[in-house]
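# Structural features, examined
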Amino acid sequence: MIKVLIVFGTRPEAIKMAPIVKEFQKFPDLFNLKICVTAQHREMLDQVLTFFEIQPDYDLNLMKPGQNLFQLTGDIIMGMKPILENFVPDYVLVHGDTTTSMAAAMAAFYSQAKVCHIEAGLRTFNKQSPFPEEMNRQLTGRIADLHFAPTETSRQNLVRENIDVQNIYVTGNTVIDALFIAQEKLKGYDDQEIIHLKSILTPGKRVILVTGHRRENFGDGFINICNALKLIAEDKNVEVIYPVHLNPNVQKPVNEILGGITNVHLIDPLGYPAFSWLMAKSYFIITDSGGVQEEAPSLGKPVLVMRNNTERPEAVEAGTVKLVGTNFDVIVEEANKLLREEDTYNEMSKAHNPYGDGTAAQKIINALKDGKRG
Ligand code: UD1
Ligand code: UDP
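Let me begin by describing the structure that accompanies this report.

Conventions we followed
- Residues numbered from 1 in each chain as written.
- Chains lettered and ligands numbered in written order.
- Predicted model: local features only at pLDDT ≥ 70, side-chain atom pairs only at ≥ 80, totals over all residues.
- Heavy atoms only, no water.
- Near = heavy atom within 4 Å.
- Polar contact = N/O pair within 3.5 Å; in protein donor to acceptor, adjacent residues only side chain to side chain.
- Areas by Shrake-Rupley, 256 points an atom, 1.4 Å probe, with all protein chains shown as cover.
- Nonpolar A, V, L, I, M, F, W, Y, C, P; charged D, E, K, R; others polar.
- Phe/Tyr/Trp six-rings, centres within 6.5 Å; stacked < 30°, edge-to-face > 60°.
- Helix = DSSP H or I, 4+ residues; strand = E, 2+ residues; numbered from the N terminus.
- Buried < 20%, exposed > 50% of the residue type's maximum accessible area, 1.4 Å probe, protein only.
- Pairing = 2+ DSSP bridges.
- Contact = heavy atoms within 4.5 Å.
- Axes fitted to C-alpha atoms, helices over the stretch in contact; angles between N-to-C directions.
- Core = buried A, V, L, I, M, F, W, Y, C linked by side-chain atoms within 4.5 Å.
- 1 Å grid on protein atoms, 1.4 Å probe; cavity = no way out; pocket = protein on both sides within 12 Å on 5 of 7 lines; lining within 4 Å.
- Points joined across faces, edges and corners; volume = space filled by probe spheres on them.

## Topic: the site of ligand 1
In the vicinity of ligand 1 there are 24 residues, among which Gln40, His41, Lys64, Thr99 and Glu133 approach most closely. Between ligand 1 and histidine 41, the relevant distance is 2.6 Å, taken from an oxygen atom to a side-chain nitrogen or oxygen of the residue. A distance of 3.4 Å separates an oxygen atom of ligand 1 from a polar atom in the side chain of asparagine 247. For ligand 1, the accessible surface in isolation is 750 Å², of which the surrounding protein chains cover 95%. Taken together, the residues of the shell around ligand 1 sort by class into eight nonpolar, ten polar and six charged.

As structure tokens, this is what we get:
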């Protein structure tokens, strides 16, 4: 049996690791699988675990309100120690660019397990943006033995860093697998959150879906974003719906600037099925999220990304995603173009799938099934 430990801690990691968990579970004779959650996120992680029916074997339960990176990093490494020493995995799978991924990879390296990096090779080459994610991803990449790159662009980034090409697999992004699983599960019924969303949205209005949480946008960035949304919402033909991230640095400016506006709905973070339903329902999306940049193209939804750079250039090149930073004027101008210029809207709303075809998890498990590598 090959012993595998999957580690994740935040909402997006959980969404993107869920299809991998499901795929491993198809081969109980081949893999001894354990799941460890750091719970860097709590409520937002649990929403995903519930939807995908995943029961962790280990839960470090680390989230603290307004947590800082120093303590979180230390707690993850120390929390992983007894788990790694007792289970002694052959492979530890970590995902992407969070502090959970970087610290879990480091702990796995200390225990001499082989590290598999899922969603490897994305780069901005700017260590301040996204902060601290760019450095988390680069460090995890240095530690990893096997690299599962979602696209050819990310594979090339790794090759340029002298990673052995034999240890890189291009798989697509498991977020597309997750999106397909959610769509399949929801066929024929609406969950409670979707029923609620239907009751608050006014038929005939154009829905602008907003999310935001990046650390480098805290302070002035979020104030500019909120003021821009306030102006956009003066058009009464639009309805802004914003599931607000639970980070207090986000909650405060958003509630202060956007609270009480009739056509701006500030709601709690949504479960994955309701959020994917809302993406599909929206006219366009304004976000600084990584995952949403990957999901929206396959739904044919234009995305204005509130960042100055992206480690996900594929959808920008294809024209669905536009970088608008956190500049008030640029956000308002680009949103108005999408609302008023039909050609611009049509150009940005062509559905395409630069991030995969829903078989990424299968490809990852196939690589590991074939024997011990790396
Ligand atoms: C983290 C990741 C980021 C990822 C994002 C996804 C790092 C450094 N950051 O950022 O890469 O894009 O998750 O959302 O790894 N909170 C709750 N409940 C929750 C989740 C968060 O109350 O379920 C609040 C807590 O006060 C917590 C704070 O949000 O301390 C910040 O959480 P944290 O994981 O440190 O940062 P994120 O901005 O969520
Ligand atoms: N998402 C969700 N509920 C929400 C907002 C987002 O389920 O209310 C999903 C979204 O579909 C995507 C992921 O969460 O798959 C993105 O998470 P986030 O933006 O927090 O992190 P990032 O992708 O930027 O790391």
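## Things to note about the packing of aromatic side chains
Under the counting rule described, the total for this entry stands at eight aromatic pairs. Ring centres 6.1 Å apart and planes at 35 degrees place the aromatic pair phenylalanine 52 and tyrosine 272 in the tilted group. Here tyrosine 272 lies in helix α11 (residues 272-281) and phenylalanine 52 lies in helix α2 (residues 43-52), a separation of 220 residues in the sequence. In this structure, phenylalanine 52 and tyrosine 272 share a single accessibility class: buried. Consider the rings of phenylalanine 148 and tyrosine 169, whose centres lie 5.1 Å apart with planes at 20 degrees: the pair is stacked. Residue phenylalanine 148 is located in strand β6 (residues 146-149), and its partner tyrosine 169 is located in strand β7 (residues 168-170); the two are separated by 21 residues in the primary sequence.

## Observations concerning the sheet that holds strand β4 (residues 91-95)
Strand order across the open sheet formed by seven strands is β3-β2-β1-β4-β5-β6-β7, with parallel pairing between neighbours. Both edges of this open sheet fall to β3 (58-59) and β7, since each of them pairs with a single strand only. As defined by bridge partners, β6 adjoins β7 across three bridges and the pair is classed as parallel. Along β7, the bridge assignment pairs alanine 149 with valine 170. Packed on one face of the sheet, helix α3 (residues 69-87) meets β1 (2-8), β2 (31-37), β3 and β4 and runs near 165 degrees to β1. Lying on the sheet, helix α6 (residues 152-160) is in contact with β6 and β7; it crosses β7 at an angle near 165 degrees.

## Looking at the site of ligand 2
Residues in contact with ligand 2 amount to 15 residues; listed here are only the nearest, Leu270, Ser289, Gly290, Gly291 and Glu295. Here an oxygen atom of ligand 2 sits 2.7 Å away from a polar atom, N or O, in the side chain of serine 289. Between an oxygen atom of ligand 2 and a main-chain N or O atom of glycine 291, the distance comes to 2.7 Å. Here ligand 2 has 540 Å² of accessible area as a free molecule, and 96% of this is covered by the chains. Secondary structure elements with two or more residues in the shell around ligand 2: α1 (11-24), α11 and α12 (290-299).

## Comments concerning the nonpolar core
Ile6, Ile20, Phe24, Leu93 and Leu368 are the most contacted members of the largest nonpolar core, which has 63 residues in total. Those residues within four positions of leucine 368 in sequence are excluded, and the remaining contacts are Ile2, Phe24, Phe31, Tyr91, Leu93, Cys116, Leu146 and Phe148. Among the nonpolar cores identified, the runner-up in size contains 32 residues, and Ala228, Leu229, Val254 and Met348 belong to it.

## Brief notes about empty space enclosed by the protein
Scanning all chains against the criterion turns up one cavity of 30 Å³ or more. Approximately 30 Å³ is the volume found for the largest cavity. His95, Ile118, Glu119, Phe148, Pro150, Thr171, Gly172, Asn173 and Thr174 are the residues that line the largest cavity. Partitioned by chemical class, the residues of the lining of the largest cavity number three nonpolar, five polar and one charged.

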